[in-house]
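A closer look at the structure
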Amino acid sequence: MTHLKLTALSTVAALALAACATAPAAPDGTIAPRIDGALVSAETAGVAAAPVPKDWWRLYNSPELDSLVHTALTNNRSLAGAAANLEQVRAGLTEARSALLPSTTATANGQYARDPSFAPGDVETDVYSLGFQTNYEVDIFGQVSASIEAAHQDAAAAEAAYQSAALMVAGETARAWIDYCAGNIQLETAESNYGLQEETLALTRTLFDAGRGIRLDVVQAEAALRRAEADIPSVRAARDAALFRLARLTGQTPAEMSNAVPACESMPQLVSLLPTGESAALLARRPDVRQAELQLAGAAARVGIATANLYPSVSIGGSVSTASMGGTGDLFKEDGLSFGLGPLISWNFPNIAASRARLKAAEAGVDVALANFDETFLTALEEAEVALTNYAAEKERYAALEASAAAAEEAAELARTRYRVGSDNFLAVLDAERTFIETRTALAQSEAAKASAEINVFMAMGGGWAD
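Since we're looking at a predicted model, the values are computed, not measured.

**Quick notes on the overall build of the protein**
Each helix and strand counted, the protein has 11 helices and 4 strands in total. For the protein, the proportion of contacts with a sequence separation of at least 24, taken over those separated by at least 6, is 84%. Entry remark: accessible area of the protein is about 25100 Å², with carbon and sulfur atoms responsible for 57%.

Next comes the structure, spelled out in structure tokens:
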């Protein structure tokens, strides 16, 4: 008996040493971001180096926006799905960790049986049995620890995916609110343009009735009025589309949102320079970049699982059982008690082609995850640079349009005055008013585009984080 024990232990030890000597090491799944210093476009964008808070939308100091984002983060259905997926993956981690504990099975059985092997004259009787089995896998080759590590990285990646979804929901809600506010401003501008054309038409009619104008001026003014009127429905439709988008993002119906949407007659403004913090650090910690890095680490852990499958699975098992015939009172008597204890070794050797194929597939999975990480990181870098560049460009465009609109308004007023006193023809009025209307409309659109570009920067930089 002692000889058998020593032989079994020696065999297990030899296999462990052989495995340690030949098992390939799992690749390192942690990659340092390849970027130093600020982003290329940060300097020209005129942003601040202050850190970005997790609830960055509060930088607009808008209670309405705060309330909408809070509602979206609570009720958004896509985000609810991401949260459910996170809980599902976390449950898988708990299951993987359970492999560190022994597995146990308890059985109890009672039946009326007939068996010719029973003693003569007692072939039919009550048979009772109790049993308890336990099995513990000895993690000699790291399969259990690698499985737990893979599940841990999967759970962390799922959490990053949830954070990415939350960032998207918050950003799109802020953008939809800005679009709604911009729609109101643009609708007011379109209606103001219509009112301006009404005044011009009234002026031409007055001059025509007084014999100081011509019918052509009246017709042209009426045509300009109808063009201004035609712009209003499309602007209103765009404003309503933003409202309906807000409804979906906040988990409400369009009717509910129409009744609950707060008033917005001006564009939300940042209370300070747009903060981006340390650009490289922010970018490296974007949720989607973190997710890709964690998926790479999980793929590396699966190489460890596949490597362990090349070697024996060693477990220690034990069982205790008792049986009696005729009554339960005899269950715990010594003559009905049996037990067993010892190691169990299972190995696919020498046919390990399938295990080697799984290892090769796991190693290829690391290459896939590494390529995905690189692509995700480079895409994030591109998005951050583009967002900052577009923000800088839109700020310049808005400043130029603001000056242009002021000049165009003065020119339109001068043209109307000259036409009223007969110093100029109506063509000059039409041209000046068309320029003013176009510039004022472009200014309203640029204000919305600038605000949307701010949201793009927040999202591209990861929108802040919680340590």
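There is more to say after this.
**Considering a nonpolar patch on the surface**
A grouping of Phe-132, Val-320, Leu-337 and Phe-339 is seen on the molecular surface, where their side chains present a nonpolar patch of about 440 Å² in accessible area. Tracing the chain through its elements places Phe-132 in strand β2 (residues 124–138). For Phe-132, a relative accessible area of 42% corresponds to the partly exposed category.

**Overview of the state of the cysteines**
As enumerated under the stated definition, the model contains 1 disulfide in all. Here Cys-181 is linked by a disulfide to Cys-264, with a sulfur-sulfur distance of 1.9 Å. Linking Cys-181 and Cys-264, the disulfide has an S-S dihedral of approximately 115° and is accordingly described as right-handed. Here Cys-181, found in helix α5 (residues 143–209), pairs with Cys-264, found in the loop between α7 (254–260) and α8 (279–284); they are 83 residues apart in sequence, far enough to count as distant. Judged by its relative accessible area of 8%, Cys-264 is buried.

**Description of the nonpolar core**
The biggest cluster of nonpolar side chains holds 46 residues, and the ones touching the most others in it are Trp-56, Trp-177, Tyr-180, Met-267 and Phe-458. Breaking this core down by element, the ones donating at least two residues are α3 (63–75), α5, α6 (215–249), α10 (353–420) and α11 (426–460). The element best represented in this core is α5, accounting for 10 residues. In this structure, Trp-177 is in contact with Ser-62, Glu-64, Leu-65, Leu-68, Leu-246, Val-261, Pro-262, Ala-263, Cys-264 and Pro-268, ignoring residues within four places of it in sequence. Residues Tyr-194, Leu-207, Ile-232 and Phe-426 belong to the second largest nonpolar core, which totals 24 residues.

**Looking at the environment of Ala-106**
Among the secondary structure elements, Ala-106 is positioned in strand β1 (residues 103–114). Residue class for Ala-106 comes out exposed when judged on its relative accessible area of 64%. Placed 215 residues apart in sequence, Ala-106 and Ser-321 show a C-alpha to C-alpha distance of 9.6 Å. Leave out the neighbours within four places in its chain, and Ala-106 touches Gly-131 and Phe-132.

**A closer look at α10**
Over its 68 residues, α10 runs 95 Å from end to end, which matches the ideal 100 Å to within 8%, given 1.5 Å per residue. Among the residues trailing α10, Gly-422 stands out with phi positive, at a value near 85°.

**Points about the confidence of the model for the protein**
The pLDDT averaged across the protein works out to 81; a share of 82% of its residues lies at or above 70. Under a pLDDT of 50 for its full length, residues 1–26 has, in the predicted model, 18 contacts with residues more than four places off or in other chains.

**Re unusual backbone geometry**
With a phi angle near 50°, Asn-61 is a residue other than glycine that sits in the positive phi range. Inspection of the secondary structure puts Asn-61 in the loop between α2 (42–45) and α3.

What counts as what
- Residues numbered from 1 in each chain as written.
- Predicted model: local features only at pLDDT ≥ 70, side-chain atom pairs only at ≥ 80, totals over all residues.
- Heavy atoms only, no water.
- Helix = DSSP H or I, 4+ residues; strand = E, 2+ residues; numbered from the N terminus.
- Contact = heavy atoms within 4.5 Å.
- Areas by Shrake-Rupley, 256 points an atom, 1.4 Å probe, with all protein chains shown as cover.
- Patch = residues over 30% accessible without salt bridge, like charges linked within 9 Å, V, L, I, M, F, W, Y side chains within 5 Å.
- Salt bridge = Lys/Arg side-chain N within 4 Å of Asp/Glu carboxyl O.
- Buried < 20%, exposed > 50% of the residue type's maximum accessible area, 1.4 Å probe, protein only.
- Disulfide = S-S within 2.5 Å.
- Core = buried A, V, L, I, M, F, W, Y, C linked by side-chain atoms within 4.5 Å.
- Expected span 1.5 Å × (residues − 1).
- pLDDT = per-residue confidence, 0-100.

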